[in-house]
Structure formats: C-alpha cells, structure tokens
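# Structure at a glance
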Amino acid sequence: MTEFAVGLLWAAATWRLIMTTARGWQRGRAELTIASLCLAVLVTNFLWRPQVDHLVGEPNVAGLIGRISAVVGLTAFHWVLVTPGRRGRLLSGMFAVVSGAAMTWSWQVAPLHVREVTEYSGLVHTYPSVAVYSVAFYCFVMVSLVQVGVGVVRLHRQAVVGGDRGAGWALLTAVVGCGVVVVSMVLFAADVLSPAGIPVMLHRAGNGLLVVGAALLAAGVLALPIGEWCRGQWQLMRVTPTWRETVEARPDIRLSLGLWDRVFHPDVVLYRRLIELQDAQEVEFHG
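Reading the values: rules and limits
Residues numbered from 1 in each chain as written. Predicted model: local features only at pLDDT ≥ 70, side-chain atom pairs only at ≥ 80, totals over all residues. Heavy atoms only, no water. Helix = DSSP H or I, 4+ residues; strand = E, 2+ residues; numbered from the N terminus. Expected span 1.5 Å × (residues − 1). Bend = angle between axes of the 7 residues up to and from the residue. Polar contact = N/O pair within 3.5 Å; in protein donor to acceptor, adjacent residues only side chain to side chain. Patch = residues over 30% accessible without salt bridge, like charges linked within 9 Å, V, L, I, M, F, W, Y side chains within 5 Å. Areas by Shrake-Rupley, 256 points an atom, 1.4 Å probe, with all protein chains shown as cover. Salt bridge = Lys/Arg side-chain N within 4 Å of Asp/Glu carboxyl O. Buried < 20%, exposed > 50% of the residue type's maximum accessible area, 1.4 Å probe, protein only. pLDDT = per-residue confidence, 0-100. Contact = heavy atoms within 4.5 Å. Phe/Tyr/Trp six-rings, centres within 6.5 Å; stacked < 30°, edge-to-face > 60°.

### Remarks on helix α7 (residues 128–161)
Over its 34 residues, α7 extends 49 Å from the first C-alpha to the last, a length consistent with the 50 Å expected when each residue adds 1.5 Å. Of all the bends in α7, the greatest measures close to 25 degrees and is centred on Ala-136. At the exit of α7 stands Gly-163, carrying a positive phi of roughly 80 degrees.

Given below as structure tokens:
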C-alpha cells in the first residue's frame, strides 16, 4: 500500500512536470508543479530515510532533504492558494527562507552526523538544536497546511457557486488531505516531545496518515488540470468524426498542427477543429 501511494505521487508529479514543460511555466501552473514534485520528495525521504542516507553517504540527510522540500512545496502552495499578491508572496518567501535556514543550521549543529537517528525524543531535552530541527518543522507544516486548507476551502466555495462539481470535489479532497497530514504532524510532534515516545501503533498510524493525506492532497490538486485535460479529450472525440469527414471533402481548410499537440494542447486542437468546421460551413454557404 505504501509503495503504491508513493508511486502514485511520483506518477502524478511526473505527469504534471511533462504537461507544464509542454504548455509553459506560467504563474500558478509552475508553482503547482513544483509543489507536486516537493510532495513526492518529502514522502519518499520520510518513508525511506535509511536508504536515502546510505545512497547520499551522510547520516540523517534524508530528513533535511524532506524538510526543505516541505518548505519549498508548501510555499508554492501558498503562492497559488493563499497569497497571490506580490507582498504576500514576498512575506511567504521570506518566511520560507528563514525556516529553511533555521532547519539547515540546526541540522548542522545537532549531533546527527555520527549515526542514523530515527527517534529524536531522547535528544530533544538535551540539545535545543534537535528541538528546533524536529518540533519547529512539525509546527511549520501544521500552520502552513491550515492556511493552505483555508485557501482551498475558499476555492471550493467558488467552484460550488459556479456549478463546477468536479472542481468542488477535487478541492474538497485536497482539504481532507491537509487535515489528515496535520493529524500526522501532531502525532510526530507528540512522539518527539514525550520522553518515552508514543506507542508504536500510533507511530505507525502517523506514517500511514502522512502517506494517505499527502496522496489525497496531491490527488485533489492534480485532479483540476487532469480533469481539464480529460474533458478536452472527450470533446475532441465528439468533434473528430464530423471533422474528419469535412477535411476529407475539403482538405484545403485543414490547419497544420504538431504531432503531439493533441496530447499536450487538446484545447488548442479543439479550437482549431471548430474553426475548420466553421470555415467549411461558410465555404459551402457562399459556394
């Protein structure tokens, strides 16, 4: 189940990257793509920390990579859903830089370079840097996700008022994902702050909630562009039979398109074919 969820995250992020590269890195689309990639990196590093550390050759570096990815990804979500203005983006970006710098500093100062450390509860009360590195990160994620959730709820209401049920359900899924991840962060923070740690079952539940919540959040956000792409393909399927008959009878009205335009730009292909059908009707009418 865990491998499937992580694979789904990477598949969605890769698809988002391909589509954004093909369509252009405009504002809004670029931030969501970056956030999707950071989400996949975050979950991967948290679930396979020993393997990543062994690959890099540095103890506990996976945790730092995951934390920085979370800061970047949540900031990208902020820029799209919460703070679209220039001033809001500047403040959110400064907060992200300060948070990332604090986590990097605490990771370097904390005694985490000697051996692999998976439980920080025994070090938090002795080394303040470990407390900054662990608890401050969980607090950052919780506060950020609450703000992102508020922004998504606002968009959900707009979609419902506008009659777009698909977008409404997608955004509602993202809100639930935010809430589930917040619960997992609460469990992780409690595990670190408690001298004896939380029960093993709760710790496992926190890991599971992190994966499920991240998958719901990614699915809700990515459902919007994917749904738009599927809608465009469906409209093309309805128009194509009539369009083919028309261009076979009048090949001179056909406009040239790229080989992969139907995959990456279905809206443009649909617009072109509707124009060609209209041109054919006008030629027939005047001819």
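### Quick look at the environment of Arg-89
Looking at the secondary structure, you find Arg-89 in helix α5 (residues 86–109). Measuring from C-alpha to C-alpha, the distance between Arg-89 and Trp-79 comes to 5.8 Å, with ten residues separating the pair along the chain. Engagement of the side chain of Arg-89 in a polar contact is seen with the side chain of Glu-31, the distance being 3.1 Å.

### What to know about a nonpolar patch on the surface
On the surface, Leu-17, Trp-25, Ile-34 and Val-72 cluster together into a nonpolar patch covering about 330 Å² of accessible area. Within the fold, Ile-34 resides in helix α2 (residues 29–47). The class of Ile-34 is partly exposed, set by a relative accessible area of 35%.

### Re the pattern of salt bridges
Going through the model one piece at a time under the given rule, you end up with one salt bridge. In this structure, Glu-31 engages Arg-89 in a salt bridge whose closest nitrogen and oxygen atoms are separated by 3.1 Å. One end of the pair, Glu-31, is in helix α2; the other, Arg-89, is in helix α5, with 58 residues separating them in the sequence.

### Quick notes on the confidence of the model for the chain
Per-residue pLDDT for the chain averages 80, and the proportion of residues at 70 or more is 92%. Averaged pLDDT values for the elements of the chain fall to 70 in helix α6 (residues 121–124) and rise to 86 in helix α4 (residues 61–81).

### Some words on the environment of Trp-243
Along the polypeptide, Trp-243 turns up in helix α9 (residues 200–249). For Trp-243, the contacting residues outside a window of four places in its chain are Arg-254, Arg-273, Glu-276 and Leu-277.

### So, the packing of aromatic side chains
Evaluation of the coordinates by the stated rule reveals three aromatic pairs. Residues Phe-95 and Phe-140 carry aromatic rings whose centres are separated by 5.3 Å and whose planes lie at 35 degrees to one another, so their mutual orientation is tilted. Placement of Phe-95 in helix α5 and of Phe-140 in helix α7 is noted, with a sequence separation of 45 residues between them. Judged by its relative accessible area of 47%, Phe-95 falls in the partly exposed class. Owing to a relative accessible area of 7%, Phe-140 belongs among the buried residues under this scheme. Both rings, one in Tyr-138 and one in Phe-188, keep their centres 5.9 Å apart while their planes meet at 40 degrees; by these two values the pair is tilted. In this pair, Tyr-138 sits in helix α7 while Phe-188 sits in helix α8 (residues 165–193), placing the two residues 50 residues apart along the sequence.

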